[in-house]
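Coordinate analysis (summary)
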Amino acid sequence: MAMAAPWSSSSCCATTASTSAQHLLRPTGVSRSISSCREQGRNRNRRRPLPVRATAAAPPPPVDYAGTSAGADADYVASLKVKLLSAVSGLNRGLAATQEDLDRADAAARELEAAAGGSGAVDLTGPSLDALQGRWRLVYSSAFSSRTLGGSRPGPPTGRLLPITLGQVFQRIDVVSRDFDNIVELELGAPWPIPPVEATATLAHKFEIVGTSGVKINFEKTTVKTKGSLAQLPPLEVPRIPDSRRPPASNTGSGEFEVTYLDGDTRVTRGDRGELRVFVVA
């Protein structure tokens, strides 16, 4: 007897009949319950929020208006400091300053002093004293416009009378030992064919704080050290002229000044004779 092939029409009919019989035998309530559970499961998967979305966002931090204002003030003061340094640049520390240059530098310094808090803004009786510590380079002195190394106090003239060329000028301050040294680099001319002599003069002082922003320096001694080809010579201590033999208006090396502006890299002072000086950290 011949057998029907698996793919014959009688086999397909048998399969269809079997499937239909299963649906007919399955209870209607069970079928609907299964369909409902499947639908709810699909809806639950679609509606379930992601963990990141379920976490509430943290509120934004409050705006610090005081800090914003302080930052703007700091930027303004910094711009005035740049303005002052620009006004005194190119003046050979004041030796080449005209009256117009002196007025421009003084006006820029007054702007900076006022923006930083005005008179009394610097308090050297507290932590600000530490800001004096270190080596400072003089970039401008209104006293040098007098064409003498003594400034407003008579001192050796620069120019043709004495062949002295002024080099860099520094201040070295130690707030612990209260040492205050003015260091001046000089070039002393000599007749040809002798080359000029380079030397460094150190005027040693002790200092004390006067009031809140004043500094008083008391001269102790002057030491000269040659440089260049004569660097092997030992330092020479210059004898001090007794005060009784000095002219009334001579420079004794002592004096007072007020620190009118001070930060981490710039210092502005005004002397007891009105000298304006600007220093930067060396």
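Before reading further, recall that the structure is shown in the block above.
So, here's what we can say about the structure. Not measured: the values here are computed from a predicted model.

1. Some words on the overall build of the protein chain
- Scanning the protein chain from N- to C-terminus turns up five helices and nine strands.
- Reading the secondary structure of the protein chain in the N-to-C direction produces α-α-α-α-α-β-β-β-β-β-β-β-β-β.
- A total of 282 residues make up the protein chain; the buried ones form 30% of that total.
- Considering only residue pairs separated by 6 or more positions, the protein chain has 56% of its internal contacts joining residues 24 or more positions apart.
- Summed over its atoms, the accessible surface of the protein chain is roughly 18,000 Å², and 59% of this surface lies on carbon and sulfur atoms.

2. Topic: the packing of aromatic side chains
- Applying the stated criterion across every chain yields a total of two aromatic pairs.
- Ring geometry for Phe180 versus Phe207: centroids 6.2 Å apart, planes at 65 degrees, classification edge-to-face. With Phe180 in strand β3 (residues 179-188) and Phe207 in strand β4 (residues 197-210), this residue pair connects regions lying 27 residues apart in the sequence.
- Exposure remark for Phe180: the relative accessible area of 2% places this residue in the buried category.
- Ring plane angle 45 degrees and centroid distance 5.8 Å describe the contact between Phe180 and Phe257, whose orientation is recorded as tilted. Residue Phe180 is located in strand β3, and its partner Phe257 is located in strand β7 (residues 255-262); the two are separated by 77 residues in the primary sequence. Comparing Phe180 with Phe257 shows no difference in burial state: the two are buried.
- One aromatic cluster is present, formed by Phe180, Phe207 and Phe257 through successive ring pairs.
- Seen from the ring of Phe279, Arg267 lies directly overhead, with NZ or CZ sitting 4.3 Å from the centre.

The rules behind these values
Residues numbered from 1 in each chain as written. Predicted model: local features only at pLDDT ≥ 70, side-chain atom pairs only at ≥ 80, totals over all residues. Heavy atoms only, no water. Helix = DSSP H or I, 4+ residues; strand = E, 2+ residues; numbered from the N terminus. Buried < 20%, exposed > 50% of the residue type's maximum accessible area, 1.4 Å probe, protein only. Contact = heavy atoms within 4.5 Å. Areas by Shrake-Rupley, 256 points an atom, 1.4 Å probe, with all protein chains shown as cover. Phe/Tyr/Trp six-rings, centres within 6.5 Å; stacked < 30°, edge-to-face > 60°. Lys NZ or Arg CZ within 6 Å of the ring centre and 35° of its normal.

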